[in-house]
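# A structural walkthrough
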Amino acid sequence: MSQRQMQGQPMIILGEDAQRMKDKSAQEHNISAARAVAESVRSTLGPKGMDKMLVSSMGDVTVTNDGVTILTEMDIDNPTASMIVEVAETQEDEAGDGTTSAVAIAGELLKNAEDLLDQDIHPSAIIKGFDMAAKEAKSEIQDIATDVDPDDEELLKKVAETSMTGKGAELNKELLAQIIVDAVNAVTVEAEDGSVVADLEYLNIETQTGSSAGDSELLEGAVVDKDPVHEEMPTSVDDAKVLLMDTAIELDETEVDAQLSVDDPSQLQNFLDKEEQQLKDLVDKVEATGANVLFCQKNIDDMAQHYLAEKGILAVKRAKKSDIEFLKEVLGASIVSDLDSASEDDLGHGTVSRDENEGLFYVEGGENAHGVTLLLRGSTDHVVDELERGVTDALDVVASTVANGAVLGGGGAPEIEVAARLRDFADSVEGREQLAVEAFADALEIIPRTLAENAGLDSIDTLVDLRAAHEDGDVSAGLNVFTGDVENTLDTGVVEPAHAKTQAVSSAAEAANLVLKIDDIIAAGDLSTSGDGDEGGPGGPGGAPGGMGGMGGGMGGMM
Ligand code: ADP
Ligand code: MG
């Protein structure tokens, strides 16, 4: 005892509640959490994938098939699991589609890494091998990809249709594909350096419930789902001079709330008159710019509404911020915050017309106008929301195809081909990294395997058939999930932009390596959500391992 004291007390640097996991148990903990997340979205992959119903803590319901939407709405609070959510978010930002694929690959990379760790292969060798494999995979994807003419409308439509297959947008995919391609064309410009870019800033999506998706349409200009503030106002203005405002037309709170003590009624009247006068002045300033239409992002005082109507100015209050910003593009206007400095130069020019039945304003810009609106329709909010997610993905892939000009056949074709090429490449890799490259190749095959599983097909038979077709030299041999046949998907019109695939490989590899680099978890608070203390092995597929305690309160039963 005394001897021990002489050596000094063990130094305690962590707080009482702190928990720590090191090396293998840290890795296992992290891998199981990450895999559980990946596993939770895998059943949605592909045309035959199922949807998920997400119920937020507020009771809002989302029904979706979209990977990134599922993961962001899941309310995950396990730190490692969140890294996988970030994969989906990166994929969404960079490619707009392929989020489920990216996450599934990341999960499978980690699963295979775990096997290597069990064989006592050092994480740094795995990380290095994964890096090499990712780089190689990306260049092989480029090699397989077919160049496309950005004006090839038929092909662009197929890209859009592939992205929408199995989503809420599926039923009307031909019509929607046409609209999407037209929309991208409408906003595609040639940049100064000669490259073509689809500037989706000039494209707005509006949703409208009540009719069917088949009535969706592409319109010039903007659509604003608002009513005029006063019934005496004009509702359509041909030669519109539009003022856009992002501040309210009302009196400052301080002026209104100021204490008022009056000795006789005339003083009160005086005060009210003064207020009225101030509002009148504000409206006069609107009129002085020459505006005959006003879209205001904030409130318009009742009295000001009355004066605006008197002057024959069409006014809309509480317009969406995104609508105001889009109107700015469509009309070439400036957004005014302070009426004192507003002038004719701030106005935008065009036409405003109203559809009384739908309660919508259609706003078109004059000469040199740019900007189109995709008006999506559907029977209910849930339907339109899922339609919008599907259409947004399709817009992104079409834009990406126009900009990058390369496509691949889908249905697991690129994954099988790249896996085969990576296995060849592995032969040239020395040391333990070779095993990691092979593990990477195997991981890519999670895509065709899952497509088959989700279609109720035998995944082993499917892999065997696919590999055989690729050995015979058909680089675009993919799975037709509807028939179970292996066919050239580039020919059958299942096409995806190459960019989404390279991005999925990059972000999956980066995330897997990020998780593998961690050998020590120090948690200031309770790590007990982890449950699997030291030796807790990972759950099998679908077995929610510990570490997910924080995953969406009421959602456990649905995964
Ligand atoms: P992600 O979020 O990864 O885009 P999806 O659910 O959209 O997930 O599924 C994409 C996968 O489905 C891709 O691998 C694509 O090739 C495949 N796919 C799409 N349409 C078809 C089809 N008609 N036949 C076979 N596979 C398809
Ligand atoms: Mg998709």
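Structure report, in brief. (Residues numbered from 1 in each chain as written. Chains lettered and ligands numbered in written order. Predicted model: local features only at pLDDT ≥ 70, side-chain atom pairs only at ≥ 80, totals over all residues. Heavy atoms only, no water.)

Across its full length, the protein chain holds 19 helices and 21 strands. Taken along the three principal axes of its C-alpha coordinates, the protein chain extends 90 × 80 × 45 Å. Within the protein chain, contacts between residues at least 6 apart in sequence are counted, and of these 74% link residues at least 24 apart. On the protein chain, roughly 26000 Å² of surface is accessible, and the fraction owed to carbon and sulfur atoms is 45%. Counting 38 positive and 114 negative side-chain charges, the protein chain places the centres of these two groups 5 Å from one another. (Helix = DSSP H or I, 4+ residues; strand = E, 2+ residues; numbered from the N terminus. Contact = heavy atoms within 4.5 Å. Areas by Shrake-Rupley, 256 points an atom, 1.4 Å probe, with all protein chains shown as cover. Lys, Arg positive; Asp, Glu negative; His and termini not counted. Charge placed at Lys NZ, Arg CZ, Asp CG, Glu CD.)

Glancing now at the environment of M83. Within the secondary structure layout, M83 lies in helix α4 (residues 79-94). As for M83 and V515, which are separated by 432 residues in sequence, their C-alpha atoms are 7.9 Å apart. Setting aside residues no more than four positions away along its own chain, M83 makes contact with L514, V515 and I518.

Core analysis: the largest hydrophobic core is formed by 70 residues, its most contacted members being L109, I126, F130, L422, F440 and L516. Here this core takes ten residues from helix α5 (residues 99-118), the largest share from any one element. Those residues in contact with F440 that lie beyond four places of it in its chain are L109, F130, A133, A134, A137, L422, V505 and A509. (Core = buried A, V, L, I, M, F, W, Y, C linked by side-chain atoms within 4.5 Å. Buried < 20%, exposed > 50% of the residue type's maximum accessible area, 1.4 Å probe, protein only.)

Attention now goes to the packing of aromatic side chains. One pass over the structure, following the stated rule, counts two aromatic pairs. Ring centres of F130 and F440 lie 5.7 Å apart, and the angle between their planes is 75°; this geometry places the pair in the edge-to-face category. Of this pair, F130 sits in helix α6 (residues 123-144) while F440 sits in helix α15 (residues 433-444), and the two are 310 residues apart along the sequence. Of the two residues, F130 and F440, neither departs from the other in class, the shared state being buried. A cation over a ring is seen here: R354 above F361, with NZ or CZ 4.4 Å from the ring centre. (Phe/Tyr/Trp six-rings, centres within 6.5 Å; stacked < 30°, edge-to-face > 60°. Lys NZ or Arg CZ within 6 Å of the ring centre and 35° of its normal.)

So, about the pattern of salt bridges. Evaluated as defined, the whole model comprises 25 salt bridges. Between E386 and R389 there is a salt bridge, and its shortest N-O distance comes to 2.8 Å. Placement of the pair is E386 and R389 together in helix α13 (residues 381-404), with a separation of three residues, close to one helical turn. By relative accessible area, E386 is classed as buried at 7%. Via salt bridges that share partners, E140, D143, E417 and R421 belong to a single interconnected network. (Salt bridge = Lys/Arg side-chain N within 4 Å of Asp/Glu carboxyl O.)

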